[in-house]
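Geometric and topological summary
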Amino acid sequence: MITAGVVASAGDLSLPLVVAVAASGAFLGDNTAYYIGHRFGTRINDRFFSSEKARKRIEWAQRQVSERGGELIAIARFIPGGRTVVTLSAGTLGYPWRRFVLFDAAAALGWALYASLLGYFGGHAFEKAPWKGLLLALGIAFAVAGAIEVVRWYLKRRGAAAAS
């Protein structure tokens, strides 16, 4: 995605097309994983996630999907490997597909914009030091995840205060 953004900045690709294709691909991939989890759920987990380490990751993801739902789906889009576990778990847990689609669509579009614009605006800036671009990308991903968690914490605290 970042490379496609760099190519778009050179004028060889259309940036809106890059974003649209990336968002569509991410959305379809996530929904495919959700469907697999929904359809084959437990059998998939038992067969492919049988190690102790993998089981702990699945259990963690299942707890998080139950507790945080949509926010986790959005954050997981920015975590390589994490999004697969979360989307499979969402399907396995029976997380409502209509809610999943809404959060996933927003996450896919946000990720596509983030990655392609990072390449579009930063590709040439990081030509001589690509590790700086990687650090910036990771920093942005952590900032987005942190902001979502802060908002979630605030809303939970506000709800608890209102209930008192």
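Refer to the structure above for everything that follows.
First, a word on scope: everything that follows refers to the structure included in this document.

Calculation notes
- Residues numbered from 1 in each chain as written.
- Predicted model: local features only at pLDDT ≥ 70, side-chain atom pairs only at ≥ 80, totals over all residues.
- Heavy atoms only, no water.
- Helix = DSSP H or I, 4+ residues; strand = E, 2+ residues; numbered from the N terminus.
- Areas by Shrake-Rupley, 256 points an atom, 1.4 Å probe, with all protein chains shown as cover.
- Lys, Arg positive; Asp, Glu negative; His and termini not counted.
- Charge placed at Lys NZ, Arg CZ, Asp CG, Glu CD.
- Buried < 20%, exposed > 50% of the residue type's maximum accessible area, 1.4 Å probe, protein only.
- Contact = heavy atoms within 4.5 Å.
- Phe/Tyr/Trp six-rings, centres within 6.5 Å; stacked < 30°, edge-to-face > 60°.
- Lys NZ or Arg CZ within 6 Å of the ring centre and 35° of its normal.
- Patch = residues over 30% accessible without salt bridge, like charges linked within 9 Å, V, L, I, M, F, W, Y side chains within 5 Å.
- Salt bridge = Lys/Arg side-chain N within 4 Å of Asp/Glu carboxyl O.
- Core = buried A, V, L, I, M, F, W, Y, C linked by side-chain atoms within 4.5 Å.
- Expected span 1.5 Å × (residues − 1).
- Bend = angle between axes of the 7 residues up to and from the residue.

What follows covers the overall build of the protein. Per the secondary structure count, the protein includes seven helices and zero strands. When the helices and strands of the protein are listed from N to C terminus, the series reads α-α-α-α-α-α-α. For the protein, the accessible area works out to roughly 10100 Å², and carbon and sulfur atoms hold 65% of it. With 19 positive and 10 negative side-chain charges, the protein shows a separation of 4 Å between the mean positions of the two kinds.

Right, let's get into the side chain of R77. With respect to the helices, strands and loops of the structure, R77 is situated in the loop between α4 (70-76) and α5 (82-93). You can call R77 buried: its relative accessible area is 4%. The residues touching R77, leaving out its near neighbours within four places in the chain, are A26, D30, R83, A107, A108 and W111.

Moving on to the packing of aromatic side chains. One pass over the full model with this rule turns up three aromatic pairs. Consider the rings of Y120 and F121, whose centres lie 5.0 Å apart with planes at 85°: the pair is edge-to-face. Classification of Y120 by relative accessible area gives partly exposed; the value is 29%. Positioned above the aromatic ring of W111, the side-chain terminus of R77 is 5.0 Å from the ring centre.

Our focus in this paragraph is the environment of F121. On the secondary structure map, F121 appears in helix α6 (residues 97-122). Taking the C-alpha atoms as reference points, F121 and K56, separated by 65 residues in sequence, lie 39 Å from one another.

Attention now goes to a nonpolar patch on the surface. Together, W131, L134, L135, L138 and F142 line one region of the surface with nonpolar side chains, adding up to about 590 Å² of accessible area. Looking at where L135 falls in the secondary structure, it is placed in helix α7 (residues 130-163).

Let us now look at the nonpolar core. Nonpolar side chains in soluble globular proteins tend to be buried together. Counting residues in each nonpolar core, the largest one holds 15 residues, and the members touching the most others are F78, W111, A112 and Y114. Listed by contribution, the elements that provide at least two residues to this core are α2 (15-48), α6 and α7. Looking at this core element by element, the count peaks at six residues for α6. Setting aside its immediate chain neighbours within four residues, A112 contacts M1, V19, A22 and A23.

This part is about α2. Compared with an ideal rise of 1.5 Å per residue, which puts 34 residues at 50 Å, α2 spans 37 Å between its outermost C-alpha atoms and falls more than 12% short. At F40, α2 shows its maximal bend, which comes to roughly 100°.

The next point concerns the environment of D30. The topology assignment puts D30 in helix α2. The exposure class of D30 is buried, given its relative accessible area of 5%. Separated by 47 residues in the primary sequence, D30 and R77 have C-alpha atoms spaced 8.7 Å apart. Once residues within four sequence positions are removed from consideration, D30 is found in contact with R77, R83, T87, F100 and D104.

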